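Structural description and commentary
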Amino acid sequence: MINYRTVLRIFGALLMLESAAMTLSLVVSVIYHEEQSLPIFLAAMVTLAAGFTLHILFRKNEIAVGRREGYIIVTGSWVLFSIFGTLPFLFSHSIPSVTDAFFETMSGFTTTGASVLSDIEALSHGILFWRSITQWMGGMGIVVLSLAVLSEIKIGNFQLFAAEVPGVTKDKLHPKVKETAKRLWAIYMIFTLAETLLLMLGGMSPFDAVCHSFTTMATGGYSTKNASIAAFDSPYIHLVITLFMFLAGINFALTYFLFMGKPGKLLRNDEFRFYSLVCIFFTVIVSLSLWIVNGNEPFRAFVDGAFQVVSIITTTGFATANYELWGHFLILIIFILMFTGGSTGSTGGGIKMLRIMILAQNSRQELHRLIHPNAVIPVRINGKAIQPSLINNVLAFVVFYFLVTAASVVIISFMGYDVSTSFGAVAASLGNIGPGIGDVGPLDNYAHFPAFGKWFLSFIMLIGRLELFTVLILFSRTFYRN
């Protein structure tokens with residue numbers, strides 16, 4: 001039987017954590033002497049009251065999280081955070097529509113970066129900071145953050161960790177999951193601080209530097225400017241953000257070993273080398289095309305090409321140029337890259353590089369088996385044979401991913417959108433990228449979608465961020481049977 005009292009008690013603790021994040025936005029608003037301070041304060045108090053009430057009502061219930069509770073807590077926490085995360089937008093009238101506010105908040109926490117806002121720069125500093133911090137919290141994971149800072153979640157935290165980080169591998173940096181969560185968040189914060197300082201050296205204001213560092217490391221893509229990163233006409237800033245987008249797309253467990261003075265673990269890792277090769281290969285292709293075919297100045301072609309390739313592969317979604325004006329060939333390249341994603345264990349969305357590697361190797365081995373049917377040819381990653389069950393999991397994930405994509409494209413097209421917009425919106429939402437192609441390109445937004453379309457795409461963002469199975473399993477009848 002599912003222990004719903006445990007679920008509700010943890011929800012209470014998580015809401016108090018979200019209230020603390022809202023308080024940070026309140027501090028920013030007070031610093032800038034903004035009228036939005038009161039609405040943000042009220043939002044934080046409502047969230048705190050809801051969390052404290054749940055905590056008091058179920059405080060005597062022992063916290064013991066099983067596998068099923070883990071799935072419910074993870075999916076429920078992302079929905080709950082998005083619901084209460086709308087309050088700063090609604091109370092301040094920055095986004096008066098409940099549907100639009102929920103879409104914007106879910107897009108933030110899932111690090112999608114799709115927006116319904118047409119004039120971002122009209123928002124107050126406090127609201128812009130809240131918008132950025134939703135992505136920063138969602139980047140490493142709401143529950144992973146709670147494991148790192150909440151002392152009362154002691155039993156069953158591996159189930160929570162596994163449910164929120166449902167990739168191909170579960171890299172633990174310490175025997176205790178809580179210590180692993182702390183190490184991951186420490187690396188995350190160090191990178192965020194380093195990028196903030198480098199952006200400030202490039203001339204960004206401290207506020208813009210912090211907000212863009214939050215959304216870069218989360219591979220989220222929310223900007224404080226209407227023109228995104230194109231608003232900063234500085235190759236230095238573009239290259240700094242490109243570097244940190246690339247770093248955010250690396251498995252953070254491998255980055256930890258780099259910090260520990262063991263770079264060999266990173267450099268010898270098959271997924272890291274494949275990820276790097278894909279980024280380099282497509283950067284060369286796009287940059288050369290921008291230079292030779294489109295006639296861009298060589299250095300500018302490289303900066304724009306590298307930025308946009310890394311932005312799409314890591315599912316960050318920042319833009320320095322309107323890639324829909326680059327020609328059909330490069331638009332096709334961008335669209336293909338929307339289905340890749342960063343490394344497992346990174347903040348990026350998408351299918352992920354390790355799954356693509358396993359899928360490619362398995363397909364190649366199947367061709368060999370046609371010639372040598374009795375041969376035993378295992379799929380190997382980092383010199384180790386991959387278990388057939390893991391290969392089946394990857395195959396199932398990829399099949400589900402494209403089935404969900406196809407079904408969602410049909411649903412969006414029923415709303416009257418053309419094929420390119422339907423594919424672009426779905427690929428960008430499911431891959432947590434943000435900008436797509438068609439009417440949701442880098443200079444467009446999602447405001448024109450009807451209410452049902454926004455709620456539907458919000459759901460697609462959620463299942464994309466939690467990698468399908470964590471959410472979809474809740475719709476299975478067998479999940480609730482004893």
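The structure presented is a predicted model; accordingly, all values stated were derived computationally and were not measured.

Examining the packing of aromatic side chains
- This structure, assessed with the given rule, holds 32 aromatic pairs.
- With a centroid separation of 5.8 Å and 70 degrees between ring planes, the pair formed by Tyr256 and Phe257 is classed as edge-to-face.
- Relative to Phe449, the ring of Tyr446 lies with its centre 5.6 Å away and its plane at 20 degrees, an arrangement referred to as stacked. Accessibility assignment for this pair places Tyr446 and Phe449 in one class, buried.
- We note Lys265 situated over the ring of Phe257; from NZ or CZ to the ring centre the distance is 5.0 Å.
- Sitting over the ring of Phe397, Arg355 keeps its end group 3.7 Å from the ring centre.

Some thoughts on a nonpolar patch on the surface
- Judged by side-chain polarity, Leu38, Phe41, Leu42, Met45, Val46, Leu48 and Phe91 come together as a nonpolar surface patch covering roughly 570 Å² of accessible area.
- Here the nonpolar patch takes six residues from helix H2 (residues 37-57), the largest share from any one element.
- Inspection of the secondary structure assignment puts Phe41 in helix H2.

With respect to helix H14 (residues 270-293)
- For H14, built from 24 residues, the straight-helix expectation of 34 Å at 1.5 Å per residue is met to within 8% by its first-to-last C-alpha distance of 34 Å.
- Of the residues flanking the start of H14, the one acting as N-cap is Asn269, its side-chain oxygen 3.0 Å from the backbone nitrogen of Glu271.

Description of a positive patch on the surface
- Taken together, the side chains of Lys262, Lys265, Arg268 and Lys384 define a basic patch exposed on the protein surface.
- Considering the arrangement of structural elements, one finds Lys384 in strand E2 (residues 384-385).
- By relative accessible area, Lys384 is classed as exposed at 62%.

Thresholds, definitions, all that
- Residues numbered from 1 in each chain as written.
- Predicted model: local features only at pLDDT ≥ 70, side-chain atom pairs only at ≥ 80, totals over all residues.
- Heavy atoms only, no water.
- Phe/Tyr/Trp six-rings, centres within 6.5 Å; stacked < 30°, edge-to-face > 60°.
- Buried < 20%, exposed > 50% of the residue type's maximum accessible area, 1.4 Å probe, protein only.
- Lys NZ or Arg CZ within 6 Å of the ring centre and 35° of its normal.
- Patch = residues over 30% accessible without salt bridge, like charges linked within 9 Å, V, L, I, M, F, W, Y side chains within 5 Å.
- Areas by Shrake-Rupley, 256 points an atom, 1.4 Å probe, with all protein chains shown as cover.
- Salt bridge = Lys/Arg side-chain N within 4 Å of Asp/Glu carboxyl O.
- Helix = DSSP H or I, 4+ residues; strand = E, 2+ residues; numbered from the N terminus.
- Expected span 1.5 Å × (residues − 1).
- Polar contact = N/O pair within 3.5 Å; in protein donor to acceptor, adjacent residues only side chain to side chain.
- Lys, Arg positive; Asp, Glu negative; His and termini not counted.
- Charge placed at Lys NZ, Arg CZ, Asp CG, Glu CD.

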